[in-house]
Amino acid sequence: MEQRQELKKTLNMKDVLALAFGTMIGWGWIMLAGSWVGNGGTLGAIIAFALGGIMSIFVGLTYAELTPALPLSGGELVFSYRAMGYNASWFTGWFITLAYLGVACWEGPALANALGFLFAGLLPDLGHLYTIQGSEVTGFFLLIGIGGAVIMTALNFFGAKASAIFQTMATVAMAIGGIAFFVCGTATGEIENIQPMFTTSTGLVAVLLAVPAMFVGFDVIPQAAEEMNIPLGKIGKVMIIAICMAAGWYMIMILGVAISTPGEVLAEYVNDPTCVPVANCFAYATGSPLVGKLMIVAAMCGILTSWNGFMVGASRVLFSMGRARMLPAVFAKVHPKHGSPVAAVAMVGVLTMLSPLLGRSALVWFVDAAAFGTVVAYFMVSLSFCILRKKEPELDRPFKVKGGGFVGFMAVGVALFFCSLYLPIYSPAPLTGIEWILVGGWAVLGVIFFTVNKITKKDEITKEQIEYLIFGDKYKRF
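All values derive from a computational prediction rather than experimental measurement.

Conventions we followed
Residues numbered from 1 in each chain as written. Predicted model: local features only at pLDDT ≥ 70, side-chain atom pairs only at ≥ 80, totals over all residues. Heavy atoms only, no water. 1 Å grid on protein atoms, 1.4 Å probe; cavity = no way out; pocket = protein on both sides within 12 Å on 5 of 7 lines; lining within 4 Å. Points joined across faces, edges and corners; volume = space filled by probe spheres on them. Helix = DSSP H or I, 4+ residues; strand = E, 2+ residues; numbered from the N terminus. Salt bridge = Lys/Arg side-chain N within 4 Å of Asp/Glu carboxyl O. Buried < 20%, exposed > 50% of the residue type's maximum accessible area, 1.4 Å probe, protein only. Core = buried A, V, L, I, M, F, W, Y, C linked by side-chain atoms within 4.5 Å. Contact = heavy atoms within 4.5 Å. Nonpolar A, V, L, I, M, F, W, Y, C, P; charged D, E, K, R; others polar.

Asks: Quick question: what am I supposed to make of empty space enclosed by the protein here?
Replies: Remark: the empty space left among the atoms is shown by a probe the size of a water molecule rolled over them. In this structure the tally under the stated criterion is 1 cavity of 30 Å³ or more. Here the largest cavity defines a volume of roughly 60 Å³. Lining of the largest cavity is provided by Leu11, Asp15, Leu19, Ala160, Ser163, Ala164, Gln167, Ala224 and Val312. Residue assignment for the lining of the largest cavity shows that the elements contributing at least two residues are helix 1 (13–25) and helix 7 (160–188). No other element matches the 4 residues that helix 7 contributes to the lining of the largest cavity.

Asks: How should I be thinking about the pattern of salt bridges in this particular structure?
Replies: For side chains bearing opposite charge, pairing can occur when the charged atoms are close. Here the structure, examined in full by the defined rule, presents 11 salt bridges. A salt bridge links glutamate 65 to arginine 389, with the nearest nitrogen and oxygen atoms 2.7 Å apart. Of this pair, glutamate 65 sits in helix 3 (residues 42–69) while arginine 389 sits in helix 15 (residues 359–391), and the two are 324 residues apart along the sequence. One salt bridge in this structure joins glutamate 227 and arginine 316, with 2.9 Å as the shortest N-O distance. Taken together, the residues span a long stretch of sequence, with glutamate 227 in the loop between helix 9 (220–223) and helix 10 (232–260) and arginine 316 in helix 13 (residues 289–323) at a distance of 89 residues. By relative accessible area, glutamate 227 is classed as buried at 1%.

Asks: What am I meant to see in the nonpolar core here?
Replies: Soluble, globular proteins show a tendency: their nonpolar side chains are buried together. Trp27, Trp29, Trp36 and Tyr250 are the most contacted members of the largest nonpolar core, which has 148 residues in total. Among the elements that take part in this core, helix 5 (residues 86–118) stands out by supplying 18 residues, more than any other. Leaving out residues up to four positions away in the same chain, tryptophan 36 has contacts with Trp29, Gly41, Ala45, Phe49, Val207, Ala210, Met214, Tyr250 and Ile254. Ala64, Ile240, Phe399 and Val401 belong to the second-largest nonpolar core, a separate cluster that totals 6 residues.

Asks: Whenever I open this one, the layout of surface pockets confuses me. Can you help?
Replies: As a volume, the largest pocket reaches approximately 1,300 Å³. Forming the walls of the largest pocket are 44 residues, and the residues nearest its centre are Leu32, Ala213, Met214, Val367 and Asp368. Residue assignment for the lining of the largest pocket shows that the elements contributing at least two residues are helix 1, helix 2 (28–40), helix 5, helix 8 (201–215), helix 13 and helix 15. Of the residues in the lining of the largest pocket, the class split is 31 nonpolar, 9 polar and 4 charged.

Right under this line is the structure:
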């Protein structure tokens, strides 16, 4: 039997928490917190995120039990294979790869945009190159997007520990900026600014629809489970703590925005495409445009933490699929010194380097398609949790969720609800036709790869070998 490639255990508790929290928070809050207040009202927006946090915890609890029970790179792919077999596992792995790649490819253009806000009118555009889908692509846009991708790829090449150190530093910087905003904004603002507390039911639904995308990222923890050097029973706890921290973060940012800035001023910031609403609120609260610029710098760290986290996630899924021979075996190659899945990291890196060529507009489609891939994976994991509770009750579960039947039922329901938000049934912001083409195209590409892999590997690898390659000697069933 061929040798099974494994990843080094280098991540401690702090690394894991920073990986999850930093990946979830990202850049979106600094741009969108003002619109959340405007759409739902202060208390309405807070309630929407509290509800979103509760719903995410149900899904998170299924991850929290399965991850320490099967602490292997690939996460969702591993769980679904154990519960439903090869075909379901391939499907799950393919869609979670879409989720991570879509977001990772968006981060380079996001960084270019952030620098544009920070140095508005001061940086040369280095020439107009072309326009695609109404979006102008300049030399500066490509330089920052591609250059950032090169740096992040190199960082991930040096292994999980290097990525974790960077993640912790960037997450701390972002947190300092956000906390400083909340303290100064609430201290100098007026309590009357929090009105209105509620707007309309339509406004509340609009905020609630934005919530699922804001919690994406805790699912990166299972991808790095094989590289964690912490007691298995603590992995699940860290995951739930990270979700609660993210919910708390969003709620205090909403409150800080509402108190710091009068409604009519906030509306101007939200509607002005040259503004970064939370940074502008900070500048308004302190009376210093420089402070607003510093807030942008802190929030840019969120782009880097999200970028880093999703590169880790995408490369580990590709590694796991390669190790299981669901993709070419080259993706399972591990660097002898750094312990990183070099081919998988390189593939993710190349795609993130190419993505800025598509311009800003096209990349929005990839992000939305990626969000759909994520909620599909949530459904598959929640379903796997329910099946394994029945199928393998004797499986050692270092973190066992109380009331598993109820939690599993709720998690499946939440995942289906999240999926429905992207369908043109009742959602005011479903996937567009082009985004459905992307999802469909990715699915068709997956079917092609799946079929070719099945045909070419049919007589080369047995079910017992796949079991060993996915689970290793410790967790294999036969």
